[in-house]
Amino acid sequence: MKKYHALEEIQELIASKELSLPDLLEYYFSRIETEKHLNAFNEVFFYSAREQAKLVQEKMEKGTAGKLAGMVIGLKDNISYLGHKVTASSKMLENFVSPYSATVVERLLKEDAVIIGRLNCDEFAMGGSNETSYYGPVKNAADPLRVAGGSSGGSAVAVQADLCLAALGTDTGGSVRQPAAFCGCIGLKPTYGRISRYGVIAYASSFDQVGTLTSSVSDAALLLEVLAGSDEHDSTVSTKQVPAYTEALKEQLKPQRIAVLKETLENEAVDPAVKAAILDAIEAFKQQGHTVDYVSFDLLDYLVPAYYVLTAAEASSNLSRYDGVHYGHRNTEAKNLNELYKLSRAEGFGEEVKRRILLGTFVLSAGYYDAYYQKAQKVRMLIRQKMETLLESYDVVLTPVAPTAAFKIGENIQDALVMYMADIFTVLASLTGIPAIAIPLGNNKEGLPLSLQLMTKHFEEAALLSLAESFLKKG
Ligand code: GLN
């Protein structure tokens, strides 16, 4: 079987009886087995996926199937699916079974997607290389000595290596876009509040957003159309009407005013090959009739500090529920309640998660709250205002996704600061809540994928998708 890039292709083949959904599912199972060394899956849902594929095939034959019929999709292992395990790739939740499904899962199933399994990720989505996972790193299929990116590393590699058609990830500070960039996929982080977070294990609640990893823009548009929209279980979800993203893709795109953030390309951490690929892309955008200006963004140095102060603070609060009593791993030798908490948390969490809990508790503590937490909140507001002003004059903002292509496993993980600084370009959209997309730009000399990031105004995903589509089609 060949690699399919878009659901449309699959649906046509199933309609003409050249392909059946159960056969397609078995193909993906065999690919997962062949590519086991990539460590993308924490678990394959053989039984429920086979049942669902059979059911959907019947519906397709009867003409009663939903929009996602034929789509085999993986879930990042921090998204709950009733009756299935969900671990956030942490020892803390090793044996936890979801008592209900996330809203996104319900919406996938309602439209007849087949959920193939849960995908490896950084522990509690904290990381940018998938190396903090309790289940070990995910390997990049372009070079297994290199990282997949993170935290949705399994989701990116599953799509890259043809282990399923599409995957859901979560993006708090770049966790959909950066692994997509490292693996040559399309990674969409919608506007904060566009998609429900109900049933998604929380990391930093004012940043967390579900996103998609796909091989085609049309699948990203289709998934967003299905997943977006209000939800009585999550009050932070917007009640704004959900546009028909797939229809919008077919419309002629008017010339866009694109702003390139000058300091991002001039940043010394940016690899020359990344910069060269982006400069080529800028030329291509111009040739396609768009205007491109280089504009200054003088708050670049404040992005990473503000992001890490705020997300650590929120994480320390969100993760307090894992105490061995309410949830999670429980130590069996503790002699009193305090010891039970201490030992359970010490054993259940990995090093990076502990670092963030400590950092977050510190910035929220009485003596330091104003100096760190509150200051970071003010900085977030400034950044947001600056981006909003910029987006009054421009339709789209363009930057790299990451300073480099995928780095080697073990290369950066010992140095937390090096890891954090690599998030410099993705956290901008996270701090401001605007939508952003990573799109592939081909490979560097070593065959590693390169990528660029486009951002736009809140709730203007349709414009982002159209620009991405027209660029990739002509490019
Ligand atoms: N690398 C970032 C972090 O560790 C982003 C993670 C994410 O988006 N979940 O916080």
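Now for a quick tour of the structure.

The rules behind these values
Residues numbered from 1 in each chain as written. Predicted model: local features only at pLDDT ≥ 70, side-chain atom pairs only at ≥ 80, totals over all residues. Heavy atoms only, no water. Helix = DSSP H or I, 4+ residues; strand = E, 2+ residues; numbered from the N terminus. Rg over C-alpha atoms; globule rule 2.2 N^0.38 Å. Areas by Shrake-Rupley, 256 points an atom, 1.4 Å probe, with all protein chains shown as cover. Lys, Arg positive; Asp, Glu negative; His and termini not counted. Charge placed at Lys NZ, Arg CZ, Asp CG, Glu CD. Phe/Tyr/Trp six-rings, centres within 6.5 Å; stacked < 30°, edge-to-face > 60°. Buried < 20%, exposed > 50% of the residue type's maximum accessible area, 1.4 Å probe, protein only. Pairing = 2+ DSSP bridges. Right-handed = clockwise from strand over helix to strand, strands pointing away. Near = heavy atom within 4 Å. Polar contact = N/O pair within 3.5 Å; in protein donor to acceptor, adjacent residues only side chain to side chain. Nonpolar A, V, L, I, M, F, W, Y, C, P; charged D, E, K, R; others polar. Expected span 1.5 Å × (residues − 1). 1 Å grid on protein atoms, 1.4 Å probe; cavity = no way out; pocket = protein on both sides within 12 Å on 5 of 7 lines; lining within 4 Å. Points joined across faces, edges and corners; volume = space filled by probe spheres on them. Core = buried A, V, L, I, M, F, W, Y, C linked by side-chain atoms within 4.5 Å. Contact = heavy atoms within 4.5 Å. Patch = residues over 30% accessible without salt bridge, like charges linked within 9 Å, V, L, I, M, F, W, Y side chains within 5 Å. Salt bridge = Lys/Arg side-chain N within 4 Å of Asp/Glu carboxyl O. Axes fitted to C-alpha atoms, helices over the stretch in contact; angles between N-to-C directions.

### A word on the overall build of the protein chain
Argument step 1. In terms of regular secondary structure, the protein chain is built from 17 helices and 13 strands.
Argument step 2. The globule rule puts the C-alpha radius of gyration for 475 residues at 23 Å, and the 21 Å found for the protein chain is close to it.
Argument step 3. Of the roughly 19000 Å² of accessible surface on the protein chain, 52% is carried by carbon and sulfur atoms.
Argument step 4. The centroid of the 47 positive side-chain charges in the protein chain is displaced by 2 Å from the centroid of its 58 negative side-chain charges.

### Comments concerning the packing of aromatic side chains
What characterises a pair of aromatic rings is the spacing of the ring centres plus the angle enclosed by the ring planes.
Argument step 1. Summed over all chains, the structure comprises 19 aromatic pairs.
Argument step 2. An angle of 25° between the planes, with centres 5.0 Å apart, marks the rings of Tyr-100 and Tyr-198 as stacked. In this pair, Tyr-100 is assigned in the loop between β2 (72–76) and α4 (103–110) and Tyr-198 in the loop between β7 (186–189) and β8 (210–214), connecting sequence segments 98 residues apart.
Argument step 3. For Tyr-198, a relative accessible area of 26% gives the class partly exposed.

### Regarding the pairing of strand β3 (residues 114–119)
Argument step 1. Burial analysis of β3 places 6 of its 6 residues in the buried class, which makes it a mostly covered element.
Argument step 2. Alignment of strand β1 (residues 41–44) against β3, held across 3 bridges, turns out to be antiparallel. Counterpart to Glu-43 in the pairing with β3 is Arg-118.
Argument step 3. In this sheet, β3 lies alongside β2 in parallel orientation, the contact comprising 5 bridges. Bridge pairing in β3 places Ile-73 opposite Ile-115.
Argument step 4. In this region the chain leaves β2, passes through α4 and returns to the parallel neighbour β3; the handedness of that crossover is right-handed.

### Description of the site of the ligand
Argument step 1. Taken together, 15 residues are adjacent to the ligand, and Thr-172, Gly-173, Ser-175, Tyr-203 and Tyr-307 come closest.
Argument step 2. Contacts to the ligand include Ala-125, whose backbone N or O atom sits 2.8 Å from a nitrogen atom.
Argument step 3. Contact between the ligand and Ser-151: a nitrogen atom at 3.4 Å from a side-chain N or O atom of the residue.
Argument step 4. Burial of the ligand by the surrounding chains reaches 99%, relative to a free accessible area of 290 Å².
Argument step 5. The residue makeup of the shell around the ligand, split by class, is 5 nonpolar, 7 polar and 3 charged.

### Digging into the environment of Cys-185
Argument step 1. Relative to the helices and strands, Cys-185 resides in the loop between α6 (177–183) and β7.
Argument step 2. In sequence terms Cys-185 and Ser-451 are 266 residues apart; their C-alpha atoms lie 8.8 Å from each other.

### Concerning helix α17 (residues 461–474)
Argument step 1. Along its 14 residues, α17 runs 20 Å from first to last C-alpha, staying within 8% of the 20 Å computed at 1.5 Å per residue.
Argument step 2. What α17 keeps buried is the set Glu-461, Leu-464, Leu-465, Ser-466, Leu-467, Ala-468, Glu-469, Ser-470 and Phe-471.

### Examining the layout of surface pockets
Rolling a probe over the atoms, with the probe sized like a water molecule, indicates the empty space that remains.
Argument step 1. In this structure, the largest pocket occupies an estimated 550 Å³ of space.
Argument step 2. Forming the boundary of the largest pocket are 24 residues, of which Thr-246, Leu-249, Lys-250, Glu-469 and Lys-473 lie nearest the centre.
Argument step 3. Only α1 (7–15), α7 (217–227), α8 (245–250) and α17 provide two or more residues apiece to the lining of the largest pocket.
Argument step 4. Grouping the amino acids of the lining of the largest pocket by side-chain chemistry returns 6 nonpolar, 9 polar and 9 charged.
Argument step 5. Of the volumes computed, that of the second largest pocket is approximately 320 Å³.

### Digging into the nonpolar core
Argument step 1. Counting 158 residues, the largest nonpolar core has Leu-108, Ile-116, Phe-124, Leu-454 and Leu-465 as its most contacted members.
Argument step 2. In terms of residue count, the dominant contributor to this core is helix α11 (residues 300–318) (10 residues).
Argument step 3. If sequence neighbours within four positions are ignored, Leu-465 has contacts with Leu-188, Val-217, Ala-220, Ala-221, Leu-224, Tyr-245, Leu-249 and Ile-437.

### Looking at a nonpolar patch on the surface
Argument step 1. Together, Phe-362, Tyr-368 and Tyr-372 make up a nonpolar patch on the protein surface, roughly 280 Å² of accessible area in all.
Argument step 2. Within the secondary structure layout, Tyr-372 lies in helix α14 (residues 369–393).
Argument step 3. With relative accessibility at 36%, the residue Tyr-372 sits in the partly exposed group.

### Focus on the environment of Glu-469
Argument step 1. Counting through the fold element by element, Glu-469 comes out in helix α17.
Argument step 2. Through-space distance from the C-alpha of Glu-469 to that of Tyr-373 is 39 Å; in sequence the pair is 96 residues apart.
Argument step 3. Beyond its immediate stretch of four places on either side in the chain, Glu-469 contacts Val-217 and Leu-249.

### Points about the sheet that holds β1
Argument step 1. In space, the 11 strands of this open sheet follow the order β1-β3-β2-β6-β8-β7-β12-β13-β11-β9-β10, with mixed pairing throughout. Here the strands that pair on one side only, and so sit at the sheet edges, are β1 and β10 (291–295). Neighbour-to-neighbour, the strand axes of this sheet turn through a mean angle of 25°, independent of strand direction.
Argument step 2. Both β7 and β8 contribute to a ladder of 3 bridges, which runs antiparallel. Bridge pairing in β8 places Ile-186 opposite Thr-214.
Argument step 3. Contacts from helix α10 (residues 272–287) reach β9 (257–261), β10, β11 (396–400), β12 (436–443) and β13 (449–455), with the element oriented near 55° to β13.
Argument step 4. The strands touched by α14 within the sheet are β9, β10, β11 and β13, with β11 carrying the most contacts at an inclination of about 120°.

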